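Coordinates in review
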Amino acid sequence: MGAPPTEPLPGTGTTEFDRLCFVITPIGDDDSEQRRHANMVLKNVIEPIVAELGLTARRADQIDRAGIITQQIFECLAKARICIADLSFNNPNAFYELGVRHMCKLPTVQIIRKGDKIPFDVSQGRTIRIDMSDVYAVMDSVDSAKKELKQHLRQALANDYKGEDNPVNTYLPGVEGKLPK
């Protein structure tokens, strides 16, 4: 599932959630374009970079315990060290989950297929664009996305992160969401 960690982040904890990079993404049916896209981005862009940083990438369909999937997704959104939100295909569930993550006031990195439109309320966050339109340039685009993703993750996970990439932190700084222990 990726290379062994080569440069772990400072403060990487010992619990499952301390090492979790939860991937918000449209998954789609088994053989759909959305699933092929989600698999390609996870395997070729996200997993190698988060593994380098000492984290584990997981998306909703990879949660491997019994229970209610929606509850498990919410738990990951609220507790994961970092989330990566793939906003490709304008999937309503992905935007909903991104909103939940924003309310938790925790770091998230956005990615999207080049050409897909980002709604206004989300467009102000820096978003990594991956160009899949040219088969002859897709590897360069993937390499570029990996470099950019690594930079964004390192900044969002730095000890001096202040939540400046999160609109709830920016526009509603006094709002607090508290999770039961």
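Each remark here, short or long, concerns the structure printed above.
Here we summarise the structure given alongside this text. (Residues numbered from 1 in each chain as written. Predicted model: local features only at pLDDT ≥ 70, side-chain atom pairs only at ≥ 80, totals over all residues. Heavy atoms only, no water.)

Phi is positive for Asn90, close to 50°, though the residue is something other than glycine. Assignment of secondary structure puts Asn90 in the loop between strand S3 (82-86) and helix H3 (92-103). (Helix = DSSP H or I, 4+ residues; strand = E, 2+ residues; numbered from the N terminus.)

By size, the foremost hydrophobic cluster in this structure holds 24 residues, and its most contacted members are Ile46, Val50, Ile82, Ile84, Leu149 and Leu153. Listed by contribution, the elements that provide at least two residues to this core are strand S1 (20-24), helix H1 (33-52), S3, strand S4 (108-113), strand S5 (127-130) and helix H5 (138-156). Ignoring anything within four residues of it in the chain, the contact list for Leu153 reads Ile49, Val50, Leu53, Ile82, Ile84 and Val109. One finds Ile27, Cys76, Ala80 and Ala85 within the second-largest nonpolar core, a separate group that totals 21 residues. (Core = buried A, V, L, I, M, F, W, Y, C linked by side-chain atoms within 4.5 Å. Buried < 20%, exposed > 50% of the residue type's maximum accessible area, 1.4 Å probe, protein only. Contact = heavy atoms within 4.5 Å.)

Once that is clear, we can look at H5. For an α-helix, the turn length of 3.6 residues means that residues three or four places apart are oriented alike. The first and last C-alpha atoms of H5 sit 26 Å apart over 19 residues, in line with the 27 Å expected at 1.5 Å per residue. Listing the buried residues of H5 in full gives Val138, Ser141, Val142, Ala145, Leu149, His152, Leu153 and Ala156. Burial along H5 is one-sided: seen end-on, the buried residues are contained in an arc of 95°. Summarising the geometry of H5, the exposed residues directed more than 90 degrees from the buried face are Met139, Asp140 and Lys147. Next to the buried residues of H5 lie H1, S3, S4 and S5. (Expected span 1.5 Å × (residues − 1). Arc of directions from axis to C-beta.)

Moving on: the side chain of His152. Within the secondary structure, His152 is located in helix H5. Once residues lying within four places of it in the same chain are set aside, the contact partners of His152 are Val109, Arg126 and Ile128.

Angle between the axes and distance between the axes: these two values describe a pair of packed helices. Axis separation between helix H2 (residues 69-79) and H3 bottoms out at 8 Å; the angle between their running directions is 45°. The angle between H2 and H3 places the two elements in the oblique class. For the pair H2 and H3, the crossing hand works out as right-handed. Contact with H2, carried on its side by Ile73, Phe74, Cys76 and Leu77, involves Tyr96, Glu97, Val100 and Arg101 of H3 and no other residues of that element. The class makeup of the residues in the contact of H2 with H3 is 6 nonpolar, no polar and 2 charged. (Axes fitted to C-alpha atoms, helices over the stretch in contact; angles between N-to-C directions. Parallel < 35°, antiparallel > 145°, perpendicular 65-115°, else oblique. Left-handed = near helix turned anticlockwise from the far one by under 90°. Nonpolar A, V, L, I, M, F, W, Y, C, P; charged D, E, K, R; others polar.)

Moving on, we come to the pairing of S3. Each regular strand shows side chains that alternate between the opposite faces of the sheet. Counting buried residues along S3, 5 of its 5 residues qualify, which places the element largely inside the surrounding structure. As paired elements, S3 and S4 share 4 bridges and run parallel to each other. What sits directly across from Asp86, in S4, is Ile111. (Pairing = 2+ DSSP bridges.)

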